[in-house]
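Close look at the chain arrangement
Below, each chain spelled out in residue letters.
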Amino acid sequence: MSTYRLDRLFSPRSVVVVGASPRPTSAGHAVLRNLTAAGFKGAIELVNPRYSEIAGVRAVRSLQELSIAPDVVVIATPPPSIPSLIAGAGEMGCAAAIIITAGLGHGSGSLAEASEQAARASGLRLIGPNCLGVVPPRSGLNASFTASTPRAGDLALISQSGAIAAALVEWASRQVGFSAVVSLGDQIDVDFGDLLDFFALDPGTRAILLYIESIREARKFMSAARAAARAKPVVVVKSGRHAQGAKAAQTHTGALAGSDAVY
């Protein structure tokens, strides 16, 4: 398990949105809207070669034109562009990237594999791809395309499914506050084990709730879960117990979730 650079992911000083757009229905527009609405106090910059400004925020043509190397890069561009953007962000010294984009494929020769390799060369941490984003309310950060920003509290919600994460936040928002909401998506880098280790030691987190479709590294997960459970409550909701649920879980795994007996 590695919590390397995750502190900068959840408490960044600066964020850039690559693929920010003035188009109201786009993911890039939703992320920008949430960043500004949540009251993020750090620097926000945008990358879009077609615009010099979007919603009053300065935009540049490429990552290399940014005035600073941001802590977090949120990417909402077409799949073929992702590996080169990851490589560029890593070379700049960025700490983490959140890949909103879906459709990077799975396994050998895929864009997901190319992105993972590009990140590994520089130590850039990756959330996603195919995810909702990251929301640590205490940091005033909403780097996601959720419909609203959850209120701050002490529950960490880590979900493989962005739809489930969004639904839980909307359902619980009036009664429950969150230390963080993380949508993991395809987990090509940061996974449940990494985040269990991080939130087990986070003084602002009282309990951890996981929504799991599949586990790729069972030993790593169990080690992290046992350690975290010694410090605070860990609740796991596992989908895919029956045929229809397992079929739905293919979205983030590329394969059936496997027998529930394993879990």
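Everything discussed here concerns the structure shown above.
Reading guide: rules and limits
Residues numbered from 1 in each chain as written. Predicted model: local features only at pLDDT ≥ 70, side-chain atom pairs only at ≥ 80, totals over all residues. Heavy atoms only, no water. Buried < 20%, exposed > 50% of the residue type's maximum accessible area, 1.4 Å probe, protein only. Helix = DSSP H or I, 4+ residues; strand = E, 2+ residues; numbered from the N terminus. Arc of directions from axis to C-beta. Polar contact = N/O pair within 3.5 Å; in protein donor to acceptor, adjacent residues only side chain to side chain. Contact = heavy atoms within 4.5 Å. Pairing = 2+ DSSP bridges. Axes fitted to C-alpha atoms, helices over the stretch in contact; angles between N-to-C directions.

All right, on to helix H5 (residues 162–172) then. Where H5 is concerned, the buried positions are Gly162, Ala165, Val169 and Ala172. Projection of H5 onto a plane perpendicular to its axis shows the buried side chains occupying an angular sector of 115°, all on one side. Structural note: H5 exposes Ala163 and Trp171 on the side pointing more than 90 degrees away from its buried face. You can read the cap of H5 off the contacts: a side-chain oxygen lies 3.3 Å from the backbone nitrogen of Ala163, and it is on Ser161.

A separate point is the environment of Gly107. Among the secondary structure elements, Gly107 is positioned in the loop between strand S6 (96–99) and helix H4 (111–120). In this structure the C-alpha to C-alpha distance between Gly107 and Gly88, which are 19 residues apart in sequence, comes to 22 Å.

Along H4, the residues classified as buried are Ala112, Ser115, Ala118 and Ala119. In an axial view of H4, the angular spread of the buried residues amounts to 125°, which keeps them on one side of the axis. Tucked into the core, H4 has its buried residues touching helix H3 (82–92) and strand S7 (125–127).

So, on to the sheet that holds strand S12 (residues 207–212). Taken in spatial order, the 6 strands make up an open sheet running S9-S8-S11-S10-S12-S13, and their pairing is mixed. With partners counted over all chains shown, the strands left at the sheet margins are strand S9 (143–144) and strand S13 (234–238), one partner each. Relative to S9, strand S8 (residues 133–135) is paired through 2 bridges, and the arrangement is antiparallel. Of the residues in S9, the one forming a bridge with Gly133 is Ser144. Where helix H6 (residues 192–200) meets the sheet, its contacts fall on strand S10 (152–159), strand S11 (178–183), S12 and S13, and the angle it forms with S12 comes to roughly 170°.

The next point concerns the pairing of strand S5 (residues 72–75). Across the two faces of S5 the burial is the same, with Val72 and Val74 and Val73 and Ile75 all buried. Note: strand S1 (residues 14–18) against S5, 4 bridges, orientation parallel. Bridge pairing in S5 links Val15 to Val72. In terms of strand pairing, S5 meets S6 through 4 bridges, oriented parallel. By the bridge assignment for S6, Val74 is matched with Ile98.

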